[in-house]
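Close look at the chain arrangement
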Amino acid sequence: MSSEQTLILVKPDGVKRGLVGEVIVRVERKGYKITNLRMLTADRNILAKHYAEHEGKPFYEPLMEFMASGPIVAMVAEGERVIEGFRKLAGATDPTVAEPGTIRGDLARDQGTKVVQNIVHGSDSPESASREIKIFFNN
Ligand code: IDP
Ligand code: MG
């Protein structure tokens, strides 16, 4: 497979806890190249586009509120199979069961909140990646 791009977000919990560098280190150490990066506080408009697939789910409103609760860092990473590779680095959605060695497994845990706070987002397919990169890096 040829080189591809993925969208990575360091979520508000990751930024608040000072884990931006930790995420970047893991992505770069793995050998992926970060080709774009910005910090922003996402508004509802941008989050509704990004999380359109989850609209109507029980955790949707808490997710929107959490993701707008503070600054996030958006980045584009590139490399062979980076979409799959970053999802492996991130670990399972539920940080309690995410494998140790992964970002979520090492650095996050269940906080008893309505939405899981798990430090990072990573695109789940080439279609999601190109759609999501356009949302955060518009052109
Ligand atoms: P992913 O981030 O591992 O791709 P998704 O299913 O796309 O997981 O869900 C998006 C985000 O919504 C998750 O990262 C997590 O923050 C939150 N979330 C997903 N499923 C649940 C749930 O069942 N309860 C609470 N929060 C959830
Ligand atoms: Mg997802």
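In this section: unusual backbone geometry. The backbone of Arg-81 shows a phi angle near 55°, a positive value even though the residue is not glycine. Within the element layout of this structure, Arg-81 appears in the loop between strand S3 (72-80) and helix H5 (82-90). Even without a glycine there, the phi angle at Ile-119 is positive, about 70°. Looking at where Ile-119 falls in the secondary structure, it is placed in the loop between helix H6 (103-107) and strand S4 (120-122).

Take the sheet that holds S4 next. Across the sheet, four strands lie side by side as S2-S3-S1-S4; this open sheet has antiparallel pairing. If you trace the sheet from one side to the other, it starts and ends with strand S2 (33-40) and S4, each paired once. The average undirected angle you get between the axes of adjacent strands in this sheet is 20°. Relative to S3, S2 runs antiparallel, the two sharing seven bridges. What sits directly across from Asn-36, in S3, is Val-76. Taken strand by strand, helix H7 (residues 126-136) contacts strand S1 (3-10), S2, S3 and S4, and its axis lies near 55° from that of S1.

Structurally, Ile-135 is set in helix H7. Linking Ile-135 and Leu-47, residues 88 residues apart in sequence, is a C-alpha distance of 9.0 Å. Among all residues touching Ile-135, those that are not within four sequence positions of it are Ile-46, Lys-49 and His-50.

Let us now look at the site of ligand 1. Around ligand 1, the neighbouring residues are Lys-11, Tyr-51, His-54, Phe-59, Leu-63, Arg-87, Thr-93, Arg-104, Lys-114, Val-115, Val-116 and Asn-118. Here an oxygen atom of ligand 1 and a side-chain polar atom of Lys-11 are 2.9 Å apart. Take Asn-118: an N or O atom from its side chain is 2.9 Å from an oxygen atom of ligand 1. About the coverage of ligand 1: the protein hides 77% of its 530 Å² of free accessible area. The cavity where ligand 1 resides is the largest pocket. Along the lines of polarity and charge, the residues of the shell around ligand 1 split into five nonpolar, three polar and four charged.

Definitions and cut-offs
Numbers given for residues are sequential positions, taken from 1 along each chain in its written order. Working convention: letters from A go to chains and numbers from 1 go to ligands, in the order in which they are written. Per-residue local features are limited, in this predicted model, to residues with pLDDT of at least 70; the limit for side-chain atom pairs, both in listing and counting, is 80 or more; totals at the level of whole chains, interfaces and linings are taken over all residues. Working from all heavy atoms in the structure, the side-chain values ignore hydrogens and water. Only DSSP runs of H or I with at least four residues qualify as helices, and only runs of E with at least two residues qualify as strands; both kinds are numbered from the N terminus onward. At least two DSSP bridges between two strands are needed for those strands to be called paired. Each axis is a line fitted through C-alpha atoms, and for a helix only the stretch in contact is used; angles between axes span 0 to 180 degrees, taken between their N-to-C directions. Any pair of residues with heavy atoms lying within 4.5 Å of one another is described as a contacting pair. Definition of nearness: a residue and a molecule or strand are near each other if at least one heavy atom of the residue lies within 4 Å of the molecule or strand. Here a polar contact means two N or O atoms within 3.5 Å. Within protein one must be a hydrogen donor candidate and the other an acceptor candidate, and residues neighboring in sequence count only if both atoms are side-chain atoms. Surface accessibility in these figures is a Shrake-Rupley result with a 1.4 Å probe; residues are shielded only by whichever protein chains are displayed. We place a 1 Å grid over just the protein atoms. Points where a 1.4 Å probe fits but has no way out form a cavity, open points with protein on both sides within 12 Å along at least 5 of 7 lines form a pocket, and any residue with an atom within 4 Å of a point lines it. Put plainly, a molecule is in a cavity or pocket when over half of its atoms are within 2 Å of the grid points there. Three categories are distinguished: nonpolar for Ala, Val, Leu, Ile, Met, Phe, Trp, Tyr, Cys and Pro, charged for Asp, Glu, Lys and Arg, and polar for the others, with Gly belonging to the last.

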